[in-house]
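Chain by chain, the residues run as shown.
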Amino acid sequence: RLVGVPAAHYAKSKGAVVTMIDKNTDEAVVKAATLGADIIILGVGKAQILRPDMVKSGVVVFDAGASEEGGVLVGDADPAVGEKAALFTPVPGGIGPLTVALLYRNLLELTVRQ
């Protein structure tokens, strides 16, 4: 709801072909959907649902999903996906800090407007 649906609506409005999956989607379906993708936006919240064998070289992966695995924060993508990707946002350290920075920027802008 927080990442996937808004991202899908935006991509569709720009003419992209969008396939949505969720944490209950069968692994074979996930692989079929992601293997040919140029851009993958993750927000599932299922640890390492996306592995290197599920993506092509040069893919762009925005990982906005986060969950805990053994007490450690991990993303929806296996970090090894980054080795195949042209662009990869890791968890932790990728989209999260950018989101916080933009929230503070918006808060500052609203404060200045008052």
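For the structure itself, look to the data block above.
Predicted model only: the values in this text are computed from it and were never measured. (Residues numbered from 1 in each chain as written. Predicted model: local features only at pLDDT ≥ 70, side-chain atom pairs only at ≥ 80, totals over all residues. Heavy atoms only, no water.)

Caption draft 1: Molecular detail of the nonpolar core. Of all hydrophobic cores here, the largest spans 13 residues; its most connected members are I40, L50, V61, A77 and V81. Leave out the neighbours within four places in its chain, and V61 touches I40, L42, L50, A77, V81, A85, L87, F88 and T89. (Core = buried A, V, L, I, M, F, W, Y, C linked by side-chain atoms within 4.5 Å. Buried < 20%, exposed > 50% of the residue type's maximum accessible area, 1.4 Å probe, protein only. Contact = heavy atoms within 4.5 Å.)

Caption draft 2: How the structure looks around the pattern of salt bridges. Inspection of every chain in the model, using the stated rule, returns 5 salt bridges. The residue K56 makes a salt bridge to D38 at a minimum N-O spacing of 2.6 Å. Placement of K56 in the loop between β1 (39–42) and β2 (60–63) and of D38 in the loop between α2 (27–34) and β1 is noted, with a sequence separation of 18 residues between them. Its relative accessible area of 31% is what places K56 among the partly exposed residues. (Salt bridge = Lys/Arg side-chain N within 4 Å of Asp/Glu carboxyl O. Helix = DSSP H or I, 4+ residues; strand = E, 2+ residues; numbered from the N terminus.)

Caption draft 3: How the structure looks around the environment of S57. Within the fold, S57 resides in the loop between β1 and β2. Looking at S57, the relative accessible area reads 58%, which means it is exposed.

Caption draft 4: The arrangement of the sheet that holds strand β5 (residues 87–89) in detail. Spatially, β1-β2-β5 is the arrangement adopted by the 3 strands of the open sheet, whose pairing is parallel. Both outer strands of the open sheet, β1 and β5, are each paired with one neighbouring strand and no more. Each strand axis lies, on average, 10 degrees off the axis of its neighbour in the sheet, ignoring direction. Bridge analysis of β1 against β2 gives 4 bridges, and the strand direction is parallel. What sits directly across from L42, in β2, is D63. (Pairing = 2+ DSSP bridges. Axes fitted to C-alpha atoms, helices over the stretch in contact; angles between N-to-C directions.)

Caption draft 5: Spatial organisation of the pairing of β2. Relative to β5, β2 runs parallel, the two being bridged by 3 bridges. Within the sheet, the bridge partner assigned to F62 lies in β5 and is T89.

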